Amino acid sequence: MITLIIFIVFSLLYVVIGVKVKQWEVITILGFRTETPEGYLRNPKVYNLTRTFCFLVAVIAVIFSPYRYSATIGFPILGLLWYWVYHRGTDRGIKEYRRAMKETCEYYQANPTEDGGDFYEYAKQSFELTDNQIYEMYKENLKLYTML
């Protein structure tokens with residue numbers, strides 16, 4: 001019974017933490033570091049390790065569960081959660097990117113005396129991008145980000 005409780009608690013923690021960390025990762029790599037918490041910016045590895053730790057504890061709870069079909073049910077659940085966290089976090093990061101670009105455009109439209117320059121033009125062009133194009137931009141920036 002205790003392994004089932006551990007599995008549920010750490011699976012839920014993984015979902016909550018994992019979606020948020022993935023969202024912050026996406027928005028940071030897309031160039032909006034101001035939209036993420038300062039703690040994440042200072043040390044993103046701690047957040048990634050916390051997410052991974054929660055997932056691994058849930059896996060270990062499945063392995064050591066005394067119930068007959070726990071692995072048959074537990075591993076597919078964890079696989080689905082991993083998939084859902086990745087895609088939901090990415091989608092939320094892209095939504096956050098669109099929101100930040102919209103606020104940028106609204107700011108410069110409301111304040112015509114200020115010159116937004118290239119950034120304002122870039123923000124206006126971002127409305128024409130599809131989610132897939134933004135995701136491709138994220139993947140390209142991720143390659144550059146990991147090289148540094």
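You'll find the structure just up there.
As a further point, take the environment of Ala-58. Its place among the elements puts Ala-58 in helix 3 (residues 44-63). Take Ala-58: its relative accessible area is 1%, and that puts it in the buried class. Sequence-wise, Ala-58 and Tyr-145 are 87 residues apart; in three dimensions their C-alpha atoms are separated by 30 Å. Not counting residues within four places of it along the chain, the set of residues in contact with Ala-58 comprises Phe-7, Phe-10, Ser-11 and Leu-78.

Membership of the largest hydrophobic core comes to 16 residues, with the highest contact counts inside it found for Leu-30, Phe-32, Tyr-97 and Ile-134. At the level of elements, helix 1 (2-29), helix 4 (70-110), helix 5 (117-126) and helix 6 (131-147) are the ones that each hand at least two residues to this core. Tallying contributions element by element places helix 4 first for this core, with six residues. Residues in contact with Phe-32, not counting those within four places in the same chain, are Ile-27, Tyr-97, Ala-100, Met-101 and Phe-119. By size, the runner-up hydrophobic cluster in this structure holds 13 residues, among which are Val-19, Phe-55, Ala-61 and Leu-81.

This part covers the packing of aromatic side chains. Scanning all chains against the criterion turns up eight aromatic pairs. With a centroid separation of 6.4 Å and 20 degrees between ring planes, the pair formed by Trp-82 and Tyr-86 is classed as stacked. Here Tyr-86 and Trp-82 lie together in helix 4, a separation of four residues that amounts to about one turn. With relative accessibility at 25%, the residue Tyr-86 sits in the partly exposed group. What links up through ring pairs into an aromatic cluster is the set Trp-24, Tyr-40 and Tyr-47.

Basis of the calculations
Sequence order as written defines the numbering, with residues in each chain counted from 1. pLDDT decides what is reported in this predicted model: residues at 70 or higher carry local features, side-chain atom pairs at 80 or more are listed and counted, and totals for whole chains, interfaces and linings draw on all residues regardless. To get the side-chain values, take all heavy atoms of the structure and skip hydrogens and water. Counting from the N terminus, the helices are DSSP H or I runs at least four residues long and the strands are E runs at least two residues long. Each residue is placed in one exposure class: buried if its accessible area under a 1.4 Å probe, protein chains only, is under 20% of its type's maximum, exposed if it is over 50%, and partly exposed if it falls in between. Residues are treated as being in contact if the distance between any of their heavy atoms lies within 4.5 Å. By nonpolar core we mean a set of buried residues, namely Ala, Val, Leu, Ile, Met, Phe, Trp, Tyr and Cys, connected to one another through side-chain atoms within 4.5 Å. Each aromatic pair joins two rings of Phe, Tyr and Trp (for Trp, the six-membered one) with centres within 6.5 Å, and gets the label stacked for planes under 30 degrees apart, edge-to-face for over 60, and tilted for any other angle.

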